[in-house]
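The primary structure of each chain is shown beneath.
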Amino acid sequence: MRAYLPKYNLTSATSLDHALQLLDNGNRPIAGGTDLMVLFDTGNLPEGNYVSIHSLNELKGICISDEYVKIGALTTYSELRQNEVIRDEFPCIYEAAKVTGGIAIQNRGTIGGNIANASPAADTPPALLVYNASLKIISSTDEKNIEYKNFHKDYKQTQLAANELIKEIILPRQNKHKLHYYRKVGTRKAQAISKICIAALANFTKEKIENVKISVASVAPTVVRCTKTEDYFCGKQYSQIDIHEAQQVLQTEISAIDDIRSTKNYRVRVTCNLIQEFFDLITEENNE
Ligand SMILES: Cc1cc2nc3c(=O)[nH]c(=O)nc-3n(C[C@H](O)[C@H](O)[C@H](O)COP(=O)(O)OP(=O)(O)OC[C@H]3O[C@@H](n4cnc5c(N)ncnc54)[C@H](O)[C@@H]3O)c2cc1C
């Protein structure tokens, strides 16, 4: 059932300071609205006061320096797709932007909203985790950086206080990896929420795998970084790797469930298959 409109009050913030004041007074932020309007349509959006941050220039744009890429929280998926540095240096983020929703969602939905909404099935978080992202969080009294790996505390619970906004996402640029792997598995290619989504990076030589980073969404209450599986691969020669052993380790790090989109068994099986595909790609590239 749709929500009752007069129970809501929406103010459009004229500046970041204005938005932060309104947050102090109990307003909730709305950016692109692509998550919140679904809640509104189904009658599940809490009634009360909202502040639109959508037109705030302080939260827009992608800034590139020698060391960092700083992505404003209001950056849309379409803007991420159009950015050459994102495409060339952070291909997992570029791929995530490409497979999120359809074109309309990509034009409206923001990366800050994707992070703050804290769905364990969201598509950018696995990519942000493997690239060691951090977040700039701002309130009327404080500004701080936190590592993205510490942001999600539990299902839909984050470090963000009610009076805080995500201002930007910071990506370190010293990110030289030979293989960037991103796969979303959903019911369709577009407009489907992930059943599983994985981002992984690898560095390797002819002799051995030097390091890997693996992060998976939709298999736990929050997106997870699979550090034990990473450790299994790191420093090993190819002949020492038994992919079935790696898959066993992986299964100790995920806690998939049955829900409307998929089953626990399917999720575990496909996540294991994707680790196999990732390893196959490493060996293929190594043999070229
Ligand atoms: C048809 C459809 C398809 C979709 N497909 C996908 C998909 O494939 N993959 C995927 O991951 N998601 C998908 N989504 C979900 C949604 O589009 C994304 O999560 C989007 O990035 C949300 O951004 P937004 O700006 O619209 O967030 P909003 O709806 O405006 O806000 C979402 C939440 O984040 C908070 N918030 C927003 N910005 C900030 C900020 N800067 N600081 C603090 N809090 C903030 C809001 O208060 C709210 O709680 C889909 C949604 C729809 C309707």
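Residues numbered from 1 in each chain as written. Predicted model: local features only at pLDDT ≥ 70, side-chain atom pairs only at ≥ 80, totals over all residues. Heavy atoms only, no water.

*Asks:* In this structure, what is going on with the site of the ligand? I would like to understand it.
*Replies:* Around the ligand, the surrounding shell holds 31 residues, and the nearest of these are P29, T34, D35, Y77 and T110. At a separation of 2.5 Å, an oxygen atom of the ligand approaches a polar backbone atom of P29. The side chain of T110 places a nitrogen or oxygen atom 2.6 Å from an oxygen atom of the ligand. Calculation on the ligand without its partners gives an accessible area of 980 Å², and the protein chains cover 88% of this total. The set of elements that each furnish at least two residues to the shell around the ligand consists of strand 2 (28-30), helix 2 (36-41), helix 7 (111-117) and strand 10 (165-172). Looking at which element gives the most residues to the shell around the ligand, the answer is helix 7, with four residues. Per-class residue counts for the shell around the ligand are 17 nonpolar, 11 polar and three charged. (Near = heavy atom within 4 Å. Polar contact = N/O pair within 3.5 Å; in protein donor to acceptor, adjacent residues only side chain to side chain. Areas by Shrake-Rupley, 256 points an atom, 1.4 Å probe, with all protein chains shown as cover. Helix = DSSP H or I, 4+ residues; strand = E, 2+ residues; numbered from the N terminus. Nonpolar A, V, L, I, M, F, W, Y, C, P; charged D, E, K, R; others polar.)

*Asks:* Could you clarify how one ought to interpret a negative patch on the surface in this entry?
*Replies:* Negative charge collects at one region of the surface, where D280, E284, E285 and E288 lie side by side. Considering the arrangement of structural elements, one finds E284 in helix 11 (residues 264-287). (Patch = residues over 30% accessible without salt bridge, like charges linked within 9 Å, V, L, I, M, F, W, Y side chains within 5 Å. Salt bridge = Lys/Arg side-chain N within 4 Å of Asp/Glu carboxyl O. Lys, Arg positive; Asp, Glu negative; His and termini not counted. Charge placed at Lys NZ, Arg CZ, Asp CG, Glu CD.)

*Asks:* Just checking my understanding: could you explain the environment of L201 for this structure?
*Replies:* Looking at the element boundaries, L201 is found in strand 12 (residues 196-204). Every residue in contact with L201, bar those within four places of it in the chain, is listed here: C92, V130, Y131, N175, H177, L179, H180, N211, V212, K213 and F278. (Contact = heavy atoms within 4.5 Å.)

*Asks:* For this particular structure, what's the right way to read the nonpolar core?
*Replies:* When a protein is soluble and globular, its nonpolar side chains tend to lie buried together. If you look at the biggest cluster of nonpolar residues, it comprises 35 residues, and the most contacted ones within it are I86, I93, I115, L128, Y148, I169 and L171. Among the elements that make up this core, the one with the highest residue count is helix 5 (residues 91-99) (five residues). Structurally, this core is a two-domain feature, drawing no fewer than three residues from each of domain 2 (57-172) and domain 3 (179-287). Discounting residues that sit within four places of it in the chain, I115 has contacts with L128, L135, Y148, F151, H152, I166 and I169. Listed in part, the 33 residues of the second largest apolar core include Y181, I214, I241 and I275. (Core = buried A, V, L, I, M, F, W, Y, C linked by side-chain atoms within 4.5 Å. Buried < 20%, exposed > 50% of the residue type's maximum accessible area, 1.4 Å probe, protein only. Domains from an automatic or database assignment.)

*Asks:* I keep staring at the domain arrangement of the chain and nothing clicks. Help me out?
*Replies:* Note: interface size is frequently given as the accessible area lost on complex formation between the parts. The domain boundaries assigned to the chain delineate domain 1 (5-52), domain 2 (57-172) and domain 3 (179-287). One C-alpha centre belongs to domain 2, the other to domain 3, and the line joining them spans 22 Å. Between domain 2 and domain 3 the total buried area reaches about 1800 Å² when both faces are included, carbon and sulfur atoms providing 64% of it. Together, P120, P126 and V130 form the three largest contributors to the area buried by domain 2 at its contact with domain 3, with a combined 28%. Counting the contacts that link domain 2 with domain 3 gives one salt bridge. Its salt-bridge partner being D123, residue K184 comes within 2.7 Å of it at the nearest N-O pair. Linking domain 2 with domain 3 are seven residue pairs in polar contact (both at pLDDT 80 or more), by the criterion used here. Secondary structure elements with two or more residues in the side of domain 2 that touches domain 3: helix 5, helix 8 (125-130) and strand 8 (152-154). Among the residues forming the side of domain 2 that touches domain 3, the class breakdown is 16 nonpolar, five polar and six charged. (Buried area = accessible area lost by both parts, 1.4 Å probe.)

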